[in-house]
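# Inside the fold
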Amino acid sequence: MFALPSFLLVLAFVGLHFFGDFVPDQFSGSAVLKGLADGSRAAAPWVGAALLLASVVLFIVSFYRLWRWSQGNSDCCFTCGGIVDQKHGRYGPYKHCLACEKNEKI
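In short, a report on the structure. (Residues numbered from 1 in each chain as written. Predicted model: local features only at pLDDT ≥ 70, side-chain atom pairs only at ≥ 80, totals over all residues. Heavy atoms only, no water.)

### Description of helix α1 (residues 3-27)
Here α1 spans 33 Å end to end across 25 residues, near enough to the 36 Å set by a 1.5 Å rise per residue. F18 marks where α1 bends most, by close to 35°. Among the structural elements, α2 (34-71) are those in contact with the buried residues of α1. (Helix = DSSP H or I, 4+ residues; strand = E, 2+ residues; numbered from the N terminus. Expected span 1.5 Å × (residues − 1). Bend = angle between axes of the 7 residues up to and from the residue. Contact = heavy atoms within 4.5 Å.)

### Remarks on the side chain of S55
Relative to the assigned elements, S55 resides in helix α2. In this view, S55 contacts P5, L8 and L9; residues no more than four positions away in its chain are not counted.

### Quick word on the sheet that holds strand β2 (residues 92-97)
Read across the open sheet, the three strands follow the order β1-β2-β3; overall the sheet is antiparallel. The strands lining the two open edges of the sheet, one partner per strand, are β1 (84-89) and β3 (103-105). Shown here is a sheet whose adjacent strand axes are inclined to one another by a mean of 30°, direction ignored. As paired elements, β1 and β2 share six bridges and run antiparallel to each other. Within the sheet, the bridge partner assigned to H88 lies in β2 and is P93. (Pairing = 2+ DSSP bridges. Axes fitted to C-alpha atoms, helices over the stretch in contact; angles between N-to-C directions.)

Below is the structure:
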């Protein structure tokens, strides 16, 4: 559940370094690509902030889902009692357990 928010958090710092330092250093030597280097340096804080914001929002959503499940206010798996995702597949909607990977038709 927290893999995507963690990945986006790491990507925010990597993106900030990549667009803020690496790309301008590589392109600053060329007069033709100087504008790209300046644009990359100007966009780096916005890219980092957007990825950080997405990470925080997804973390809050995942934490809220986990909290609702622990309180008994959301659906749980019919086999192990784990938290479930509701998905729509080829044969219609179903619940997919995140703990034991079993599926249940809705």
